[in-house]
Amino acid sequence: MVWQKHDYEDIPGTYVFNGERSHSGYNLNKMAFSFNHEANRKEFAADMDAYCRKYNLSDEQREAVLAGDFLKLLHLGGNVYYLAKIAIFHGLTVQDAGASFQGITTAEFKKKLEDNAEGFQEALKKRGGFWHG
Amino acid sequence: MAKIIGGITTSHIPAIGNAMASKLENDPYWKRFFDGYEPVKAWLEEVKPDVAIIVYNDHGLNFFLNTVPTFALGCADEYHNDDEGWGIPTTASFKGDAQFSWHLAESLINQNFDLTTCQEMKVDHGCVVPMSLMWRHLPEWPCKLIPLAVNTVQHPLPSAQRCYDLGKALRKAIESYPEDTKVVIFGTGGLSHQLQGERAGIIDVEFDMECMEYIVNDPDKMTAFSNTEIMEKAGTEGIEVIMWMVMRGALAPNVNVLHKHYHAPISNTGAGVLLLTDAKD
């Protein structure tokens, strides 16, 4: 038995969420899915360790949840949309998590986004036909 | 006969939902982005669609990873938004059109698109943010909703080609419905963004503009991309652009561009807006 390899695994710094990851992260993501209900969020907030055990997270996954180590959680099969449901307990948004994946501050992460989009209005003008508002 | 009166593309990220809930439309960060929707809103006001088909992906509200349909069509008389766990406000519910949905399902399955039919389907921000972008200024939703969910979360995903072909089949399905119904179809999500990993935060303005150009004038260039190629350029979440291809497939081979808008970044995302109608050949 073997997990099939994929060409997208060569994309650096990227964890494409596929069957292999979804299989390994199933309990972790299932726990995160339960946070759609407020009663479950309260139960988790009251005792995070116990709640992780209830969902049979691995020791590694549980420790990463408690530590708010989102890069580790990605490695352990967490899906980013489900991790967003966990991040909120650490007072973090998806942008904060984006920063933490690369060990930079959220301000630095936002700056990176601005830099990546820099000059886009000139690019639109060059291409033409865009509404400029 | 039912008829497609136009196709619209838009981002659907939750940050937009939060900005609308906090009434940040005139905030300097958001103004240019939101202003780009005004011409689309004015057009919708003029054409008054009866039904909006929203092509979107669920991010863990209705579908958990226990069951992930590649394509899932809402076949209900009503749809509800609900708590997604991290605080985006819940919107008013939506009226559906079960008869029309079941006709679409039957036609699509007869055309070999074996999709999942859903008689209960919670619609998450992916569906609700586009509805709100267009119609939040009204006291109630002015048209019915038919949600069409595409799996863009758990690979393997359908290809851009498959999504485009689904759109073409959807057009046949819509046009074979006997009721006079004006349909507007939304391709949502995208453009470039990556939320996860050390590569999070990429935005590729050139690729986004190229995608918009191809979608309008040369959709076969889009369908030539593999999903890996799209993710390399546009990021893992930028793959959502495949849902724009469902919209594009549902329109005529040649289209008029009534509106084209782009802004970046919005939160982590390059945000593109298109309003397209069939061109008379």
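Now for a look at the structure at hand. Just so you know, these numbers come straight off a predicted model, no measurement behind them.

**Thoughts on the overall build of chain B**
Consideration 1: A tally of helices and strands in chain B yields 10 helices and 10 strands.
Consideration 2: The C-alpha atoms of chain B give 17 Å as radius of gyration, which agrees with the globular expectation for 281 residues (19 Å, within 12%).
Consideration 3: Overall, the C-alpha framework of chain B stretches about 45 × 45 × 45 Å when taken along its three principal axes.
Consideration 4: Considering chain B as a whole, with its 281 residues, one finds that 57% of them fall into the buried category.
Consideration 5: In chain B, 82% of the contacts between residues at least 6 apart in sequence involve partners at least 24 apart.

**Notes on the sheet that holds strand E9 (residues 255-266) of chain B**
Pairing between the strands of a sheet is mediated by backbone hydrogen bonds and can be parallel or antiparallel.
All names here are of chain B.
Consideration 1: With respect to topology, 8 strands assemble into an open sheet ordered E6-E3-E7-E2-E8-E1-E10-E9, the strand pairing being mixed. Each edge of the open sheet carries a strand with a single partner, namely strand E6 (116-118) and E9. Averaged over all neighbouring strand pairs, the angle between strand axes comes to 20 degrees, with direction disregarded.
Consideration 2: Of the strand pairs in this sheet, strand E2 (residues 51-56) and strand E7 (residues 144-150) are connected by 6 bridges, and their pairing is parallel. Looking at the pairing, Ile54 lines up with Pro147 of E7.

**Observations regarding the pairing of strand E8 (residues 181-188) of chain B**
Residue and element names in this part refer to chain B.
Consideration 1: Within E8, 6 of the 8 residues are buried, which leaves the element mostly enclosed by the surrounding structure.
Consideration 2: Inspection of the sheet shows strand E1 (residues 2-10) paired to E8 by 8 bridges, in the parallel sense. Bridging across to E8, Ala2 finds its partner in Thr181.

**Structural notes on the nonpolar core**
Consideration 1: Counting 128 residues, the largest nonpolar core has Leu83 of chain A together with Ile53, Ile54, Val55 and Val246 of chain B as its most contacted members.
Consideration 2: Take this core: its biggest share by element is 8 residues, from helix H6 (residues 160-175) of chain B.
Consideration 3: Leaving out residues up to four positions away in the same chain, Ile54 of chain B has contacts with Cys127, Pro130, Met131, Leu145, Pro147, Leu148, Phe186 and Thr188 of chain B.

**A closer look at the interface of chain A and chain B**
Consideration 1: The partner chain B presents 43 residues to the 46 residues of chain A that form the contact.
Consideration 2: Going through the elements one at a time, helix H2 (26-34), helix H3 (38-46), helix H7 (80-87), helix H8 (94-101), helix H9 (106-117) and helix H10 (120-127) of chain A are the ones with two or more residues in the side of chain A that touches chain B.
Consideration 3: The element best represented in the side of chain A that touches chain B is H9 of chain A, accounting for 6 residues.
Consideration 4: In terms of residue class, the side of chain A that touches chain B is built from 25 nonpolar, 13 polar and 8 charged.

**Things to note about the packing of helix H1 (residues 14-21) of chain B against helix H5 (residues 125-135) of chain B**
Residue and element names in this part refer to chain B.
Consideration 1: Look at H1 against H5: their axes get within 9 Å of each other, and the N-to-C directions meet at 45 degrees. Of the possible angle classes, the one that applies to H1 and H5 is oblique. The handedness of the crossing between H1 and H5 is left-handed. In this structure, H1 uses Pro14, Ile16, Gly17 and Met20 to contact H5, whose residues at the interface are His125, Val128, Val129, Ser132 and Leu133.
Consideration 2: Split into classes, the residues belonging to the contact of H1 with H5 amount to 6 nonpolar, 3 polar and no charged.

Rules behind the numbers
Per chain, residue numbering runs from 1 following the sequence as it is written. Chains and ligands are labelled sequentially in the order written, the chains with letters from A and the ligands with numbers from 1. The model is predicted, so local features are restricted to residues of pLDDT at least 70 and side-chain atom pairs to those at 80 or more, both for listing and for counting; the totals for chains, interfaces and linings are taken over all residues. Segments assigned H or I by DSSP are reported as helices when at least four residues long, segments assigned E as strands when at least two residues long, and all are numbered from the N terminus. The globule rule used here is 2.2 Å times the number of residues to the 0.38 power, and the radius of gyration it is set against is calculated over C-alpha atoms. Labels follow a simple rule on C-beta atoms placed from the backbone: if 20 or more others lie within 10 Å of a residue's own, it is buried; if 12 or fewer, it is exposed; otherwise it is partly exposed. Think of it this way: build a C-beta for each residue from its backbone, and any pair within 7 Å is a contact. When DSSP finds two or more bridges between two strands, those strands count as paired. In this description, a line fitted to the C-alpha atoms serves as the axis of each element, helices being fitted only across the stretch in contact, and the angle between N-to-C directions of two axes falls anywhere from 0 to 180 degrees. A set of buried residues qualifies as a nonpolar core if it consists of Ala, Val, Leu, Ile, Met, Phe, Trp, Tyr and Cys joined through C-beta atoms within 7 Å. Residue polarity is assigned by list, with Asp, Glu, Lys and Arg as charged and Ala, Val, Leu, Ile, Met, Phe, Trp, Tyr, Cys and Pro as nonpolar; anything else, Gly included, falls into the polar class. Convention used here: angles under 35 degrees read as roughly parallel, angles over 145 as roughly antiparallel, angles from 65 to 115 as roughly perpendicular, and any remaining angle as oblique. It is the rotation of the near helix from the far one that decides the hand of a crossing: anticlockwise by less than a right angle makes it left-handed, clockwise makes it right-handed.

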